[in-house]
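# Overview (structure and organization)
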Amino acid sequence: MNSLGLFADGKYGAGWNGVTGTVKGLFYGDGKQLIAQLIGCAVIVLWAGGFGWVFFKVQHAVQGIRSKPEDEIAGLDMPEMGVYAYPDLENPEAVSVLHTRDHEVAPGPAPA
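What comes next concerns the included structure. Remember, predicted model here, so these are calculated numbers, not experimental data.

Rules used throughout
- Residues numbered from 1 in each chain as written.
- Predicted model: local features only at pLDDT ≥ 70, side-chain atom pairs only at ≥ 80, totals over all residues.
- Heavy atoms only, no water.
- Helix = DSSP H or I, 4+ residues; strand = E, 2+ residues; numbered from the N terminus.
- Buried < 20%, exposed > 50% of the residue type's maximum accessible area, 1.4 Å probe, protein only.
- Contact = heavy atoms within 4.5 Å.
- Areas by Shrake-Rupley, 256 points an atom, 1.4 Å probe, with all protein chains shown as cover.
- Salt bridge = Lys/Arg side-chain N within 4 Å of Asp/Glu carboxyl O.
- Phe/Tyr/Trp six-rings, centres within 6.5 Å; stacked < 30°, edge-to-face > 60°.
- Expected span 1.5 Å × (residues − 1).

Looking now at the overall build of the protein. Of regular secondary structure, the protein possesses five helices and zero strands. In the protein, the succession of helices and strands from N to C terminus is α-α-α-α-α. Within the protein, the proportion of its 112 residues that are buried is 18%. Nonlocal contacts in the protein, meaning residues at least 24 apart in sequence, comprise 21% of its contacts between residues at least 6 apart. For the protein, the exposed area adds up to about 8600 Å²; of that, 64% sits on carbon and sulfur atoms.

What follows is the structure in structure tokens.
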């Protein structure tokens with residue numbers, strides 16, 4: 001949001017966007033432009049938030065939007081990408097979970 005609703009000094013705006021007179025901001029004696037801008041911001045937030053909420057509810061019902069809990073704990077490198085991102089910094093918990101699911105985390109034997 002720009003600061004027109006605060007700092008407009010009344011020199012401009014006549015005839016633009018159906019405005020009959022000039023536009024003044026809050027600091028120049030008229031807060032109508034600021035109120036109009038705040039209403040516009042609220043409409044954008046409500047529309048985007050509502051659309052996003054509907055989209056993610058549908059996505060969750062159709063496909064799901066979360067990974068499996070065990071994959072989240074072990075790390076999503078193998079389940080999501082098929083390769084381990086940091087083979088030299090193996091997490092022992094991740095190695096045991098991924099090896100039990102027949103994934104090769106890094107070259108070498110599975111832990112005992």
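Here the narrative resumes.
Where charged atoms from two side chains of opposite charge come close, those side chains can pair. Tallied over the full model, the rule gives one salt bridge. One salt bridge in this structure joins glutamate 72 and arginine 66, with 2.8 Å as the shortest N-O distance. By relative accessible area, which is 33% here, glutamate 72 ends up partly exposed. For arginine 66, a relative accessible area of 65% translates into the label exposed.

Next up on the list: the packing of aromatic side chains. By the definition in use, this model includes three aromatic pairs. Between tryptophan 47 and phenylalanine 51, the aromatic rings sit 5.4 Å apart at their centres with planes inclined by 0 degrees, giving stacked as the arrangement. With tryptophan 47 and phenylalanine 51 both in helix 2 (residues 32-62) and four residues apart, this pair spans about one turn of that helix. When sorted by exposure, tryptophan 47 lands in the same class as phenylalanine 51, which is exposed.

Moving on to helix 2. Here helix 2 is 31 residues long and its end C-alpha atoms lie 45 Å apart, about the 45 Å a rise of 1.5 Å per residue gives. Contacts made by the buried residues of helix 2 are with helix 1 (4-7). Positive backbone phi, at 95 degrees, marks glycine 64, one or two positions downstream of helix 2.

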